[in-house]
Amino acid sequence: MALPLQARTALVTGGGRGIGRATALALAEAGAAVAVLARSVDEVDRTVEELRAAGHRAAGASGDVADATSLAEGLHQLTGELGNIDVLVNNAGVSWPVGPTASIDPEQFAQAVAINLVGPLRCIRLTLPGMLAAGWGRIVNVTTGAANAPGMPRAAAYSSSKAGLNQLTVNLAAELAGTGVTVTAVDPGPVDTAMQDYMRDQPADLIGDQVHGMFQRFHADGQLNHPTQPAQLIAALAAGDVTGEIAAVGSDRASALVDSAA
Ligand SMILES: NC(=O)c1ccc[n+]([C@@H]2O[C@H](COP(=O)([O-])OP(=O)(O)OC[C@H]3O[C@@H](n4cnc5c(N)ncnc54)[C@H](OP(=O)(O)O)[C@@H]3O)[C@@H](O)[C@H]2O)c1
């Protein structure tokens, strides 16, 4: 039986580690050739080697989603090896800067927006024309529950940029209705990755007692999801045809989407 993403090529930004790495593996298992892009070339290489060792088609490139030239060069290299991108997973993201919102350096805030919100837009602009020409494409953005009220106090750059990503998702989905290109987002819940380690390491006097305590409890109470959980949901959305939805790992809807793709 044909795999759901057979003959498709997927790009996973931030595929060198964490949720992105797990997503690269899940998409490859669903039949896609997988392109991996991030700044840390060692991590990109490791994911690509892992994919190839499992018999999958894969390529990697270093690239910064916040830098137009670096991104275009990385993507040019990847499409040269694997062909046009059919599935774009905008997963690359950062949770810094943290601290009292009015004390945050606006330049750092802008850099977080450049990575978490403008980066996905840059990736969409580079890959959407090929999807539209093919009459088929999938864009899955990786968001967070912190994008919804009450947000994440003292992590306003993160929650604001991801709230913007949610709006990018639903607006673009509406604009692309009927084209064969779907746009969705996944809220992974708390996941055991380097980003989670970083947030757990932030002192209470910087990030506030409430958020500090929340990250300590996620870990101490065994509440962290495994990266394969969001990866499965992302792969299900890439294989399916729903559009305009923001699905949260652990929700009934997410389970139904994963089950229907199995
Ligand atoms: N872990 C969680 O609890 C959690 C919860 C909700 C949402 N998320 C979201 O899930 C996504 C993945 O996070 P993660 O937890 O897997 O974190 P992670 O382990 O820190 O991985 C982040 C990935 O993004 C890449 N990246 C960061 N900035 C980049 C840039 N400018 N250009 C290209 N790649 C960049 C990183 O590689 P380089 O640094 O080498 O570039 C890395 O591969 C993020 O969007 C995050 O907001 C995570």
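Look up a bit, the structure's there.
Residues numbered from 1 in each chain as written. Predicted model: local features only at pLDDT ≥ 70, side-chain atom pairs only at ≥ 80, totals over all residues. Heavy atoms only, no water.

So, on to the site of the ligand. In the region of the ligand, 29 residues are neighbours, and Ser40, Asn91, Tyr158, Lys162 and Thr193 sit closest. A distance of 2.9 Å is found between an oxygen atom of the ligand and a backbone nitrogen or oxygen belonging to Ile19. Note that a nitrogen atom of the ligand is positioned 3.0 Å from one of the backbone N or O atoms of Val65. Surface burial for the ligand is 96%, taken as the share of its 880 Å² of free accessible area covered by protein chains. Those elements that place two or more of their residues in the shell around the ligand are helix 1 (18–29), helix 5 (156–175) and helix 6 (194–200). A breakdown of the residues in the shell around the ligand according to their chemical character gives 13 nonpolar, twelve polar and four charged. (Near = heavy atom within 4 Å. Polar contact = N/O pair within 3.5 Å; in protein donor to acceptor, adjacent residues only side chain to side chain. Areas by Shrake-Rupley, 256 points an atom, 1.4 Å probe, with all protein chains shown as cover. Helix = DSSP H or I, 4+ residues; strand = E, 2+ residues; numbered from the N terminus. Nonpolar A, V, L, I, M, F, W, Y, C, P; charged D, E, K, R; others polar.)

This part is about unusual backbone geometry. Omega for the bond connecting Trp96 with Pro97 falls within 30 degrees of zero, at -5°, which places this linkage in the cis form. By secondary structure assignment, the location of Pro97 is in the loop between strand 4 (87–90) and helix 4 (106–134). Following Ala149, the chain continues into Pro150 via a peptide bond in cis, with omega recorded as 10°. One non-glycine residue, Ala7, lies in the positive phi region at around 70°. The backbone phi angle of Arg154 is positive, close to 70°, even though this residue is not glycine. As for its position among the elements, Arg154 is in the loop between strand 5 (137–142) and helix 5.

Now for the pattern of salt bridges. Side chains that differ in charge, positive against negative, can pair when their charged atoms come close. This structure, assessed with the given rule, holds five salt bridges. With a shortest N-O distance of 2.9 Å, Glu43 and Arg17 are connected by a salt bridge. Note that Glu43 is positioned in helix 2 (residues 41–53) and Arg17 in the loop between strand 1 (9–13) and helix 1, a separation of 26 residues in sequence. Of the residues examined, Arg17 reaches a relative accessible area of 46% and is grouped as partly exposed. For Arg52, the salt bridge identified is with Glu81, shortest N-O distance 4.0 Å. (Salt bridge = Lys/Arg side-chain N within 4 Å of Asp/Glu carboxyl O. Buried < 20%, exposed > 50% of the residue type's maximum accessible area, 1.4 Å probe, protein only.)

Our next topic: the nonpolar core. Core analysis: the largest hydrophobic core is formed by 37 residues, its most contacted members being Leu5, Leu27, Val34, Leu51 and Leu233. When residues in this core are grouped by element, the largest group, seven residues, is from helix 1. Filtering out sequence-adjacent residues up to four positions away, Leu27 remains in contact with Leu5, Ala10, Val12, Ala32, Val34, Val89, Ala235 and Ala238. Residues Ala112, Cys123, Ala173 and Leu176 belong to the second largest nonpolar core, which totals 32 residues. (Core = buried A, V, L, I, M, F, W, Y, C linked by side-chain atoms within 4.5 Å. Contact = heavy atoms within 4.5 Å.)

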